[in-house]
Amino acid sequence: MSNDLLSDLPEWSRVDHAAFGPVESRPLGKIQRLTARFLGRNWVKIPHVTQQDEVDITDFEARRVAWNEANPDRKVTPVAPLAKAMAQVLQDYPKFNCSLEADGETIVQKGYFHIGIAIETPNGLLIGVVRDVDRKSVVEVGSEITALAEKARTKGLSMMEMTGASMTLSSLGHIGGTSFTPIINAPEVAILGVSKTQIRPMPASDVGISWRKMLPLSLSYDHRVVNGGDAARFTKAMETKLSALTVFDA
Ligand code: CAO
């Protein structure tokens, strides 16, 4: 037996599924084939750890809802503010804004703050990149995400529109769930997963309980570059930045 676990795995089981009932075989689509290869590579090559946390967004949500009521034609979902907060947290925690070179020994520190957004399309998953999120308003970031998602779902995205992110945001908050394990979009070193906002009773600052809006965050990181303490600080910093995002168009 060799020490190389991956080259020593048993062959993929060949099962005659038709022996158990009716079946139909079909090939994976082009996008699914491509993403399957990259996701598979990233999953086995990167030592992933996922930090699960819940951040209190009660005050932020009150401001977002008020903004949407006052600006019905420029509504924002939580996704654009989250991308904006991520760009701000990356400025404070540059370890997350890195790539590890293929030699596994050189770190490239990025001086830009581009956020990748995972977009679900009928043909599979694509990442659209919003550039220089640190220099754009939440509303600008939101309209770029909407345009990228629309293009990804209709015409598809160019390689330039899909690459070069600092870090990726994968939001399932519009559907549900309480946590998941997002796979890092290498050569990035972390990805932030977001699940559906939950309303929970939390201890009040004085006495009793207070009903709070809690946002579940699942931060997967490459443990060769990022440590658990960094990850725990990153999600806490997301709470601080979201709380400070007062004006959506500034
Ligand atoms: N909690 C509760 N509600 C949320 C939420 C959250 N965390 N995030 C978004 N929502 C709400 C929005 O506010 C919006 O509500 P209204 O309809 O009442 O305004 C609703 O969900 C629909 O949002 P949306 O999908 O139209 O837009 P979005 O900005 O939330 O997301 C996009 C845009 C492109 C990120 C999303 O459409 C998408 O494709 N996500 C899929 C990502 C994915 O598949 N990741 C998994 C990768 S691993 O397989």
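Just above sits the structure.
I will try to describe carefully the structure that is included in this document.

Thresholds, definitions, all that
Residues numbered from 1 in each chain as written. Predicted model: local features only at pLDDT ≥ 70, side-chain atom pairs only at ≥ 80, totals over all residues. Heavy atoms only, no water. Buried < 20%, exposed > 50% of the residue type's maximum accessible area, 1.4 Å probe, protein only. Helix = DSSP H or I, 4+ residues; strand = E, 2+ residues; numbered from the N terminus. Pairing = 2+ DSSP bridges. Near = heavy atom within 4 Å. Polar contact = N/O pair within 3.5 Å; in protein donor to acceptor, adjacent residues only side chain to side chain. Areas by Shrake-Rupley, 256 points an atom, 1.4 Å probe, with all protein chains shown as cover. Nonpolar A, V, L, I, M, F, W, Y, C, P; charged D, E, K, R; others polar. Salt bridge = Lys/Arg side-chain N within 4 Å of Asp/Glu carboxyl O.

1. Observations concerning the pairing of strand S6 (residues 167-171)
Argument step 1. Of all the 5 residues making up S6, 5 are buried; the element is thus mostly covered by neighbouring parts of the structure.
Argument step 2. Going residue by residue along S6, you find Met-167, Leu-169 and Ser-171 tucked away on one face and Thr-168 and Ser-170 tucked away on the opposite face as well.
Argument step 3. The pairing of strand S4 (residues 115-121) with S6 spans 3 bridges and is parallel. Across the sheet, the residue bridging to Ile-117 is Leu-169, located in S6.
Argument step 4. In the sheet, S6 pairs with strand S7 (residues 190-194) via 4 bridges, with the strands oriented parallel. When the sheet's bridge partners are listed, Ser-170 is paired in S7 with Gly-193.

2. Considerations on the site of the ligand
Argument step 1. Near the ligand lie 21 residues; those nearest to it are Thr-77, Glu-120, Arg-153, Ser-170 and Thr-197.
Argument step 2. A distance of 2.5 Å is found between an oxygen atom of the ligand and a side-chain nitrogen or oxygen belonging to Thr-77.
Argument step 3. For the ligand, a nitrogen atom lies 3.5 Å from a polar atom in the backbone of Gly-173.
Argument step 4. In the complex, the protein chains occlude 66% of the 980 Å² of accessible area that the ligand would expose alone.
Argument step 5. Residue assignment for the shell around the ligand shows that the elements contributing at least two residues are S4, helix H4 (138-154) and S6.
Argument step 6. Here the residues of the shell around the ligand are counted per class, giving 10 nonpolar, 7 polar and 4 charged.

3. Let's talk about the pattern of salt bridges
Argument step 1. In total, this model carries 12 salt bridges according to the counting rule given.
Argument step 2. The partner of Glu-24 in a salt bridge is Arg-26, and the shortest N-O contact between them spans 3.7 Å.
Argument step 3. A residue is classified by how much of its surface remains accessible, and Arg-26, at 67% relative accessible area, is exposed.
Argument step 4. Notably, a salt bridge pairs Arg-200 with Glu-54, separated by 2.8 Å at the nearest N-O pair. On the criterion of sequence distance, the pair formed by Arg-200 in strand S8 (residues 198-203) and Glu-54 in strand S1 (residues 48-56) is long-range, its members being 146 residues apart.
Argument step 5. Here the salt bridges do not stand alone but share partners, grouping Lys-95, Asp-230 and Arg-233 into one network.

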